[in-house]
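Topology and contacts: notes
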Amino acid sequence: MTDHKNNPYYSRTDTTHLHVSDKEWEKILPPGVYNIARDKGTEYAFSGKYWKTDTKGTYYCAVCGNPLFKSDAKFASTCGWPSFYEAIHPGSVRYENDTSHGMRRTEVLCGRCDSHLGHIFDDGPPPTHQRFCMNSAVLEFEPDEK
Ligand code: FE
């Protein structure tokens, strides 16, 4: 697990909504995380650490520790980004319309810290037919205990 001792906002249990400025996050987060989480960047397809993992466990927000996805909802997608058909709880993420880059997309943000995680599309598998197309850099995986 990544060391979060320089991140006073990090918690896997506290669900309080965070109001932290980008300026403050910039001091705390590694540049590769900040670029995606706060500047809404996208990692290159097939470049992230989780696009093809299938280990059992939980994916947390790499910025604030909020639980986001269970590996049970992860599916093998050919898109090159970690893909899930549902969030761990409905409130663990929130959505916003995104019309950047000449596209109409729905942005997915962390429900606790409002960091950009990726986008959601309606071409996923059953039962939800949704595809949460996420960036590995803003996720942190913790395997289930054996
Ligand atoms: Fe978060």
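Nothing here was measured: the structure is a model prediction, and the numbers come from that model.

1. As for the pattern of salt bridges
- Taken as a whole and assessed by the stated rule, the structure comprises 11 salt bridges.
- Here arginine 105 ties to aspartate 98 by a salt bridge, and the two come within 3.6 Å at their closest N and O atoms.
- Here aspartate 98 falls in the buried class, since its relative accessible area comes to 12%.
- Aspartate 123 serves as the salt-bridge partner of arginine 131, at 2.7 Å between the closest nitrogen and oxygen.
- Three or more residues joined by partner-sharing salt bridges are found here, namely Arg12, Glu140 and Glu142.

2. Some details on the sheet that holds strand β1 (residues 57-61)
- Across the sheet, which stays open at both edges, the 3 strands sit in the order β2-β1-β9 with antiparallel pairing between neighbours. Sheet topology places β2 (67-70) and β9 (139-143) at the edges, where each strand pairs with a single neighbour. This sheet shows a mean twist of 30 degrees between the axes of neighbouring strands, independent of strand direction.
- Bridging between β1 and β2 involves 3 bridges; their strand directions are antiparallel. When the bridges of β2 are listed, tyrosine 59 appears paired with phenylalanine 69.

3. Quick notes on the coordination of the iron ion
- At 2.3 Å from the iron ion lie its protein donor atoms, namely Cys61 (SG), Cys64 (SG), Cys110 (SG) and Cys113 (SG).
- Geometry at the iron ion is tetrahedral, judged from its 4 donor atoms and the angles of 102 to 114 degrees they form at the metal.
- All donor residues of the iron ion come from one chain, and their arrangement in sequence is C-x2-C-x45-C-x2-C. Of the two residues, cysteine 61 and cysteine 64, neither departs from the other in class, the shared state being buried.

4. Points about the packing of aromatic side chains
- For the coordinates displayed, the defined rule picks out 9 aromatic pairs.
- Centre to centre, the rings of phenylalanine 46 and tryptophan 51 are 4.8 Å apart; their planes meet at 90 degrees, and the pair counts as edge-to-face.
- Measuring from ring centre to ring centre gives 4.6 Å for tyrosine 59 and phenylalanine 141, while their planes differ by 45 degrees; the resulting arrangement is tilted. Within this pair, whereas tyrosine 59 is found in strand β1, its partner phenylalanine 141 is found in strand β9, the two being separated by 82 residues in sequence. Like phenylalanine 141, tyrosine 59 is buried.
- The rings of Tyr50, Tyr59, Phe69, Phe84, Tyr95, Phe132 and Phe141 are connected pair by pair, giving a single aromatic cluster.
- Across the ring face of tyrosine 60, the terminal group of arginine 12 is positioned such that the distance to the ring centre comes to 3.8 Å.

Conventions used here
- Residues numbered from 1 in each chain as written.
- Predicted model: local features only at pLDDT ≥ 70, side-chain atom pairs only at ≥ 80, totals over all residues.
- Heavy atoms only, no water.
- Salt bridge = Lys/Arg side-chain N within 4 Å of Asp/Glu carboxyl O.
- Buried < 20%, exposed > 50% of the residue type's maximum accessible area, 1.4 Å probe, protein only.
- Pairing = 2+ DSSP bridges.
- Helix = DSSP H or I, 4+ residues; strand = E, 2+ residues; numbered from the N terminus.
- Axes fitted to C-alpha atoms, helices over the stretch in contact; angles between N-to-C directions.
- Donors = N, O, S within 2.8 Å, 3.2 Å for Na, K, Ca; no water.
- Tetrahedral: all angles 85-135°; square planar, octahedral: opposite > 155°, others 65-115°.
- Phe/Tyr/Trp six-rings, centres within 6.5 Å; stacked < 30°, edge-to-face > 60°.
- Lys NZ or Arg CZ within 6 Å of the ring centre and 35° of its normal.

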